[in-house]
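# Per-entry structural report
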Amino acid sequence: MSSVHSDPLPPTASPGARRSDDHYTSQKLAIGLGVAAVVITALVGIQIGTSGATLIDVLQTFWAKITGTVPTDRASLLMHNVIWELRLPRVLLAILGGAALAVAGVLFQGLLRNPLVSPYTLGIAPAAAFGASLAIVLFGATAGSAAVSLVIGALLFSFLNTALVLSLASARNLHPTTLILVGIALSQLFGALTACIQYFAEDEVLAAIVRWTWGSVNNSAWYQVLALFVLLALAFPYIRFRSSALNAIAFAGDDSAKSLGVAVSTVRLQTIAIAATLTAVTIAFTGIIGFVGLVAPHIARLVVGANHRFLIAFSAIIGALLLVVADAVGRLVISPGVIPVGIIDALVGAPIFLYLILTRQKAIE
């Protein structure tokens, strides 16, 4: 009697595994659509301005740079320079700055296990404001070197503040809640120092300080775009590599994360240092821009969930979109005047955040 040989049936994935794969597919699709939205919004943003520009002008400018050709007629050359030297750096700085602040917001909220933490919670923005104010007083509000000195001053005091916070955290092994309180204390200190400068400053200097604190991408330059791009390119692979450790700390807490083999103190210090650097460099270039770092992570969680593997990338996309749209709105509302992007960002971000708090509780959990 011959036996009938039959091949074993291929293994069938469990329903849970299929649901997980489908969920990951939807997250990847959301990221892809988000990138497309950023590109489209950027192209629209480049066209907005008093001199006018069309999509054809933008594409011709890109093609001229790729091929190394220079427009021959005066009108085309003028439009080429306006797009390449003014509008493109402005839009790219808004994209990269928004992405950097949003990524920093995700990292701070996860590492400190507090959904109301923003990139400025540790006192970075007030420290930068004091540094910028000091630079304006020392080098003048309208001096040719003011822009560079302002950036250096903001960066210097941002890094000093960050070094102080991280040193205290490392030496005293501070609890995340205590770390937040230290940041609040430093915020009050640098805020008071900045207020002293403003109180004794002359009108021109005071106006320059106030303009900087509004937040703007008006004075964007290619070196700023390049610096932020390199910083994000270096930071993102490490953050992506640490996404599992971030999940463990954010969801399970320090003790459980340690039991899973995560070096909690090392990960927290290194990642906070990266987040603080992203924040410091961004606000040194743009001034103080608020709600992006707070709101973007919450919006991203509604779409892709709380898994840092996807949350970090999608938060960067949302942050970029928020800042590019805010800048475009600021240029359209009172054209040919420009409302600083920090003001538009706060006007738009505050209602969105209130909506999330009142109607979508899971966005802040």
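Residues numbered from 1 in each chain as written. Predicted model: local features only at pLDDT ≥ 70, side-chain atom pairs only at ≥ 80, totals over all residues. Heavy atoms only, no water.

Secondary structure summary: the protein chain contains 14 helices and 0 strands in total. Residues counted as buried form 47% of the 365 residues belonging to the protein chain. Taking as baseline every contact in the protein chain between residues at least 6 positions apart, the subset at least 24 positions apart corresponds to 77%. Carbon and sulfur atoms make up 68% of the accessible area of the protein chain, which amounts to about 17900 Å² in all. (Helix = DSSP H or I, 4+ residues; strand = E, 2+ residues; numbered from the N terminus. Buried < 20%, exposed > 50% of the residue type's maximum accessible area, 1.4 Å probe, protein only. Contact = heavy atoms within 4.5 Å. Areas by Shrake-Rupley, 256 points an atom, 1.4 Å probe, with all protein chains shown as cover.)

Another point: the packing of aromatic side chains. Describing an aromatic ring pair means giving the distance of the ring centres and the angle of the ring planes. Going through the model one piece at a time under the given rule, you end up with 5 aromatic pairs. Ring centres of phenylalanine 130 and phenylalanine 190 lie 6.0 Å apart, and the angle between their planes is 40°; on these two criteria the pair is classed as tilted. Taken together, the positions of phenylalanine 130 in helix α4 (residues 124-139) and phenylalanine 190 in helix α6 (residues 176-200) put the pair 60 residues apart, joining distant regions of the chain. Ring centres 5.0 Å apart and planes at 90° place the aromatic pair tyrosine 199 and phenylalanine 200 in the edge-to-face group. (Phe/Tyr/Trp six-rings, centres within 6.5 Å; stacked < 30°, edge-to-face > 60°.)

To continue, consider the side chain of arginine 87. Tracing the sequence through the fold places arginine 87 in helix α3 (residues 74-111). The buried charged residue arginine 87 lacks any salt bridge, with aspartate 57 as its nearest oppositely charged partner at 7.3 Å. Here the side chain of arginine 87 touches glutamine 47 through a polar contact of 3.4 Å, landing on its backbone oxygen. (Lys, Arg positive; Asp, Glu negative; His and termini not counted. Salt bridge = Lys/Arg side-chain N within 4 Å of Asp/Glu carboxyl O. Polar contact = N/O pair within 3.5 Å; in protein donor to acceptor, adjacent residues only side chain to side chain.)

This paragraph deals with the pattern of salt bridges. Pairing is possible between side chains of opposite charge, provided their charged atoms come close. Tallied over the entire structure, the rule returns 2 salt bridges. With a closest N to O distance of 3.2 Å, aspartate 327 and arginine 331 form a salt bridge. Of this pair, aspartate 327 and arginine 331 are both found in helix α13 (residues 308-333), 4 residues apart, which corresponds to roughly one turn of the helix. One continuous salt-bridge network, built from bridges that share partners, spans Arg90, Asp327 and Arg331.

Turning to the side chain of serine 243, a few remarks are in order. One can find serine 243 in helix α9 (residues 243-252). Of note is the side chain of serine 243, whose polar atom sits 2.9 Å from the backbone oxygen of arginine 240. When neighbours within four sequence positions are excluded, serine 243 is seen to be in contact with His308 and Arg309.

We now examine the nonpolar core. In terms of nonpolar packing, the biggest core is built from 107 residues, with Leu107, Phe108, Leu112, Ile239, Val262, Ile272 and Phe314 touching the most fellow members. Per-element accounting of this core gives the leading share, 18 residues, to α3. Aside from chain neighbours lying at most four places away, what touches isoleucine 272 is Phe108, Leu111, Leu112, Leu122, Leu166 and Leu179. (Core = buried A, V, L, I, M, F, W, Y, C linked by side-chain atoms within 4.5 Å.)

Two quantities define a packed helix pair, namely the angle between the axes and the distance from one axis to the other. Where helix α12 (residues 292-304) meets helix α14 (residues 341-359), the closest approach of the two axes is 10 Å, and the angle between their N-to-C directions is 45°. Overall, the two elements α12 and α14 adopt an arrangement that is oblique. The handedness of the crossing between α12 and α14 comes out as left-handed. Packed against α12, whose contacting residues are Val292, Leu294, Val295, His298, Ile299 and Leu302, the element α14 presents Asp345, Gly349, Ile352, Phe353 and Leu356 at the interface. (Axes fitted to C-alpha atoms, helices over the stretch in contact; angles between N-to-C directions. Parallel < 35°, antiparallel > 145°, perpendicular 65-115°, else oblique. Left-handed = near helix turned anticlockwise from the far one by under 90°.)

This next bit is on helix α2 (residues 55-67). When the terminal C-alpha atoms of α2 are compared, their 18 Å separation across 13 residues agrees well with the 18 Å that a helix rising 1.5 Å per residue should span. Where α2 is concerned, the buried positions are Val58, Thr61 and Ala64. The buried residues of α2 all sit within an arc of 125° when viewed along its axis, so they share a single face. Looking at α2, the residues exposed on the side facing more than 90 degrees away from the buried face are Ile56, Gln60, Trp63 and Ile66. The first or second residue beyond α2 is glycine 68, which carries a positive phi of 80°. (Expected span 1.5 Å × (residues − 1). Arc of directions from axis to C-beta.)

The terminal C-alpha atoms of α4 lie 22 Å apart, and with 16 residues this matches the ideal 22 Å at 1.5 Å per residue to within 8%. The buried fraction of α4 amounts to 12 of the 16 residues, a majority that puts the element mostly inside the structure. Within α4, the full set of buried residues consists of Ile124, Ala125, Pro126, Ala127, Ala128, Ala129, Phe130, Gly131, Ala132, Ser133, Ala135 and Ile136. Two residues or fewer past α4, glycine 140 is found with a positive phi of approximately 90°.

Next up on the list: unusual backbone geometry. Here the phi dihedral of arginine 113 falls at roughly 55°; this positive angle occurs in a residue that is not glycine. Note on placement: arginine 113 falls in the loop between α3 and α4. Of the residues examined, arginine 113 reaches a relative accessible area of 45% and is grouped as partly exposed.

Turning our eyes to something else, we now look at the environment of tryptophan 214. Looking at the element boundaries, tryptophan 214 is found in helix α7 (residues 203-214). On the basis of relative accessibility, which here comes to 39%, the residue tryptophan 214 falls in the partly exposed class. Dropping the residues within four chain positions of it, tryptophan 214 is found in contact with Ile288, Pro340, Gly342 and Ile343.

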